[in-house]
Every structure is written in C-alpha cells, then in structure tokens.
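Each chain, written out:
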Amino acid sequence: MLDFKDFAKTPPLGWNSWDCFGAAVNEKQLKENAVYMAENLKEYGWEYIVCDIQWYEPKAKDNDYNNFTELDMDEYGRLIPAVNRFPSSKNGKGFKEIADFVHSLGLKFGIHIMRGVPRQAVHKNCPILNSKYTCREIAHHFSVCSWNTDMYGLYNCEGAQDYYNSIINMYASWGVDFIKCDDICVTEFRKWDNPYTADYEIEMIRKAIDGCAREIVLSLSPGPAPRDKAAHLSKNANMWRLTGDFWDKWEPLYDMFSKCREWQGVSKKGNYPDCDMLPIGTLSKNGTCHGPQNRKSQFTPPEHYTLMSLWGIFGSPLMIGGNLPELDEFTLSLLTNKEYLKMHKSAYNAKELLREDGFIAWGADGENVKYLALFNTAEREKELSFDLSDILEEKRYYDVLNIWSGEKSEIRNKISVKTPPHGAKLYKISI
C-alpha cells in the first residue's frame, strides 16, 4: 500500500469554487474553470479543480446555507450531486462524467464534504451499504456543526467506519482525487466537548481512503487547527487549515504571519499546514460575501505580493479562489511566475527571521540558493534593510534575483529596498 504522503509530494496547486461561486457552483462553471486551467495554468503545475460545499443541495443559490433544506441522497444515506445543477450526474452517475472531463484535460478533480452523516439520512434511518448498521445508529446527536445544519457527527463505532468506507468508495468510483473535509479540525466551535473531538473521525476517513484503492489527497477544514495536534494531523492528512475562512482584507492577511510562525517547521513531504485559499481575481459572483458581489479582490497590488510571497515561502498549498476565466493579466502573472513556483515546490526550512516595527522577514533554503521575503506591514512606505550575514556565512558578493520583477543584481552585505505599505519583496540568492 502506498504511503498517503506520496499522494502530494509537493504542496497542491489548484482552484476551489467557494470564493467565487459559494454554495451554488454548477457543472458549467466547473468545466469552464477546468478548461481555463488546462489552457493557461497546467504547464506551470496547477492541477486540481475542487467543487466546494453544497453540491448536493438543489436550492443553493449564493453563499448562504438553507437550514434543514432537502438534500439529494441515495438509499444508503450518501449525498449525491443535485441533478438540476450537475445534469451529468443523473441516473446515479454522481460526479463520474465531470471527473472524466477534468481528467481528459490532464487535471485532477476534488470535492468538499462535511464530517459525519446527513441528518436527513438519520431521520429516515437509511441502511449503510455493506453494513449491519443504520445511519441512525451511528449518529452522535450532540455532535453538530455550528454553522451548517446538514450533518450529525459520528460515534466512534464499527458502523461509523462502515459509513465512511461507503462514501469514500463511492467517491473513488467517481474518480475523485482530492477531498476537502470540513468541520473536522477546528477547536473553537465545540468548546463544550474535547476541543479536538473529531480525532477518531479523521482516523476513520484516513482508513477509508487507504482502503479505497485510489490516491486521494485529504485536506481538513476549517481552522484554526490546534498546534499541539500537529503529529496526529501529519499522521492522517495531507493538509489542514490554520485559520477560519480567509478573505481579501488586510487584517486577516496580517494575522497570518503569526499563524505561519506558530506552524513553522511542521511542513514536510505530504504534510502541509494550509493558509487557506487565495482570494484573488473575481470573487463572490452569486452574492455579497465579505465584500461586494461580483468584485475584484479587495487586496491592493502590494497586498497581492505579500499574500503570494508569504504563502509561497511558507509552503502552503495554493488554491485560487477567483473565477479563472476572468483573471486579469496582473493576477495571472503572479500565478505563472516560474521562479516563484519553483521556490514554492522546492524550498524547505522556512522560518521567520525578523519581526520589528512594521517589518517582517522570512527565509527558506533551496538547492544552492537561499530565499528571502521582506514584508512591509506598516501603513506607510518603508525602506526595508536586511543583513545577509544573518543567513549567509561568507561575506562576498552574491547573485540576487528579485522574483517578482525579474531584476538581477549583485549584492554583498545587505539588501535595502523601499517597499510600499503592505507590500513585499521576494528574492532568490544564489550560493
């Protein structure tokens, strides 16, 4: 059996439907984004097309959840795509045709799921496929999500494993390559119970994927994942969220520096602390969500550089949030910068090097190179100066590449550069 860490040897690169289409994404939109990725991003390493939450809800129309609404479900209590939104799923085909289409483009297909079993399946007492148990017998009626009414969590019991086996095997038969499981690794929503109460459900999903005969990357949401559970998360998942949903505002972007510092040193092959999606491009097309409807990202250009530089040097998975066919040239240039993507794929030992008033520096190692990111977190332009002796042993001239501008220079003692407010500079130093 393959080690699941081999399913994601480098941090995954892809697109997720949530930031632009919310709960109401449809088949046409998935395919349009897949075609764009294949034609414009695949050659740079981007490969995942991920359908986010509520794909099983016929009435979904924006970013809001319809409480206790009817869901499309088979006789075994397994959620299936809503046919009115995903016409190719009719006659029990699920996401098979969409996954086949994505695969035909040389890409991979993923879906979002919620932890547990649908309340609808519990109330109907559906049998569990290949099990002597029913959905009602495995449901933990106190284990519920505070922000979505679709599911009950599961008891730690034999039938619960049977249920997870049944859904993961179905997803594998559809051709799913990536699963984003939600309401499973956060601490703050379940203070009445063990703050990491879903640990056994994480293990059940891991076991189900290991037994399904398909390589499926496992992502856990939302955040903040507890730092003291890093070993357990690394043992069971490929990636896990460090925050709640991240949107296009400076305050949560600034907060992410502390989250990255908290989790530095944890990343390794197959295990990636996840800073969440990149809310860039055209967002919230179906309704207002953390900003105006159908907007361009509220991040300024300097903030775009900060976002990409921090996610990249830290080694977070990169999931584009905006509608790909509407990408502008500036945003596309960030996503197709070959030196940046090489750093993201190969850098290691990422860590914070300096933090003082309005100035944060991060560094990482590469093959015969050092990477250095300088961030101006102040509200005014600043000259950022960094002493290279802090990361380089020899005092000599080094060839330095400004990754974003492409400018090359020869630098000996320190880098000093004027940087706009909330902006960043990213360098590759050849050694």
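To keep things clear, this report deals only with the structure shown in the data block. (Residues numbered from 1 in each chain as written. Predicted model: local features only at pLDDT ≥ 70, side-chain atom pairs only at ≥ 80, totals over all residues. Heavy atoms only, no water.)

Looking now at the overall build of the protein. When helices and strands are counted, the protein shows twelve helices and 21 strands. Whereas a compact globule of 431 residues would reach a radius of gyration of roughly 22 Å, the protein reaches 22 Å, a difference of no more than 12%. Taken along the three principal axes of its C-alpha coordinates, the protein extends 70 × 40 × 40 Å. Burial statistics for the protein: of 431 residues in total, 60% are counted as buried. Counted over contacts in the protein with a minimum sequence separation of 6, partners at least 24 positions apart contribute 73%. Surface summary for the protein: the accessible area is close to 17300 Å², and the carbon and sulfur share equals 47%. Of the side-chain charges in the protein, 52 are positive and 60 negative, and the distance between the mean point of each set is 2 Å. (Helix = DSSP H or I, 4+ residues; strand = E, 2+ residues; numbered from the N terminus. Rg over C-alpha atoms; globule rule 2.2 N^0.38 Å. Buried < 20%, exposed > 50% of the residue type's maximum accessible area, 1.4 Å probe, protein only. Contact = heavy atoms within 4.5 Å. Areas by Shrake-Rupley, 256 points an atom, 1.4 Å probe, with all protein chains shown as cover. Lys, Arg positive; Asp, Glu negative; His and termini not counted. Charge placed at Lys NZ, Arg CZ, Asp CG, Glu CD.)

Across six bridges, strand E14 (residues 348–356) lies against strand E15 (residues 359–366) in antiparallel orientation. Among the inter-strand pairings, Glu 356 is bridged to a residue of E15, identified as Phe 359. (Pairing = 2+ DSSP bridges.)

Turning our eyes to something else, we now look at the nonpolar core. Formed by 128 residues in total, the largest nonpolar core has its most connected members in Trp 55, Tyr 171, Trp 311 and Trp 362. Here this core gets nine residues from one element, more than from any other, and that element is helix H6 (residues 158–174). Beyond its immediate sequence surroundings of up to four residues, Tyr 171 is in contact with Trp 55, Ile 111, Ile 113, Val 176 and Ile 179. (Core = buried A, V, L, I, M, F, W, Y, C linked by side-chain atoms within 4.5 Å.)

By the criterion of burial, strand E21 (residues 424–430) is predominantly enclosed, with five of the seven residues buried. Examined bridge by bridge, strand E16 (residues 369–376) and E21 share seven bridges and lie antiparallel to one another. The partner of Leu 372 across the bridge, within E21, is Tyr 427. By the bridge criterion, three bridges tie strand E18 (residues 398–402) to E21 in an arrangement that is antiparallel. In the sheet register, Asn 402 faces E21, and the bridge partner there is Tyr 427.

Take Val 50: it is sitting in strand E2 (residues 48–51). Once the C-alpha coordinates of Val 50 and Asp 210 are considered, the two residues, 160 residues apart in sequence, prove to be 21 Å apart. If we ignore the near neighbours within four places in the chain, the residues touching Val 50 are Trp 15, Asn 16, Ser 17, Gly 110, Ile 111, Phe 178 and Met 319.

Here the bond from Ser 221 into Pro 222 is cis, since omega is -15°, no more than 30 degrees from zero. Relative to the assigned elements, Pro 222 resides in the loop between strand E8 (217–220) and helix H8 (230–236). Of note, the bond from Gly 223 into Pro 224 is cis; its omega dihedral lies within 30 degrees of zero at 5°. Within the element layout of this structure, Pro 224 appears in the loop between E8 and H8.

Let us now look at the pattern of salt bridges. Following the criterion strictly, the structure yields 22 salt bridges and no others. The salt bridge involving Lys 259 is made with Glu 262; its shortest N-O contact spans 3.7 Å. One end of the pair is Lys 259 and the other is Glu 262, both in helix H9 (residues 250–263) and three residues apart, which spans about a single turn. Residue classification places Lys 259 among the partly exposed positions, given a relative accessible area of 22%. Given the relative accessible area of 34%, Glu 262 is considered partly exposed. Several salt bridges converge on common partners, so that one network encompasses Arg 115, Asp 183 and Glu 201. (Salt bridge = Lys/Arg side-chain N within 4 Å of Asp/Glu carboxyl O.)

What follows covers the sheet that holds strand E1 (residues 13–16). Taken in spatial order, the eight strands of this open sheet run E10-E9-E8-E7-E3-E2-E1-E13, and their pairing is parallel. Single-partner strands in this sheet number two, and they are strand E10 (272–274) and strand E13 (318–320). Shown here is a sheet whose adjacent strand axes are inclined to one another by a mean of 25°, direction ignored. Note: strand E7 (residues 178–182) against E8, four bridges, orientation parallel. (Axes fitted to C-alpha atoms, helices over the stretch in contact; angles between N-to-C directions.)

So, on to the sheet that holds strand E5 (residues 139–144). What the three strands build is an open sheet, ordered E4-E6-E5; its pairing is antiparallel. Strand pairing shows two members of the sheet lacking a second neighbour, strand E4 (117–118) and E5, which therefore form its edges. Across three bridges, E5 lies against strand E6 (residues 151–154) in antiparallel orientation. Its bridge partner being in E6, Val 144 is matched across the sheet by Tyr 152.

Tallied over the entire structure, the rule returns 22 aromatic pairs. With centroids separated by 5.0 Å and ring planes inclined at 50°, the aromatic side chains of Phe 246 and Trp 311 adopt a geometry described as tilted. A residue pair is termed long-range when its members are at least 10 positions apart, and Phe 246 in the loop between strand E9 (239–241) and H9 and Trp 311 in helix H10 (residues 301–314) qualify at 65 residues. Side by side, Phe 246 and Trp 311 carry an identical accessibility label, which is buried. Through a chain of ring-to-ring contacts, the aromatic side chains of Trp 55, Tyr 56, Phe 86, Phe 95, Phe 109, Tyr 171 and Trp 174 assemble into a single cluster. (Phe/Tyr/Trp six-rings, centres within 6.5 Å; stacked < 30°, edge-to-face > 60°.)

This part takes up the side chain of Thr 377. Positionally, Thr 377 belongs in the loop between E16 and strand E17 (382–387). Note on Thr 377: relative accessible area 11%, which makes it buried. For Thr 377, the contacting residues outside a window of four places in its chain are Trp 250, Tyr 254, Phe 257, Gly 358, Phe 359, Ile 360 and His 422.

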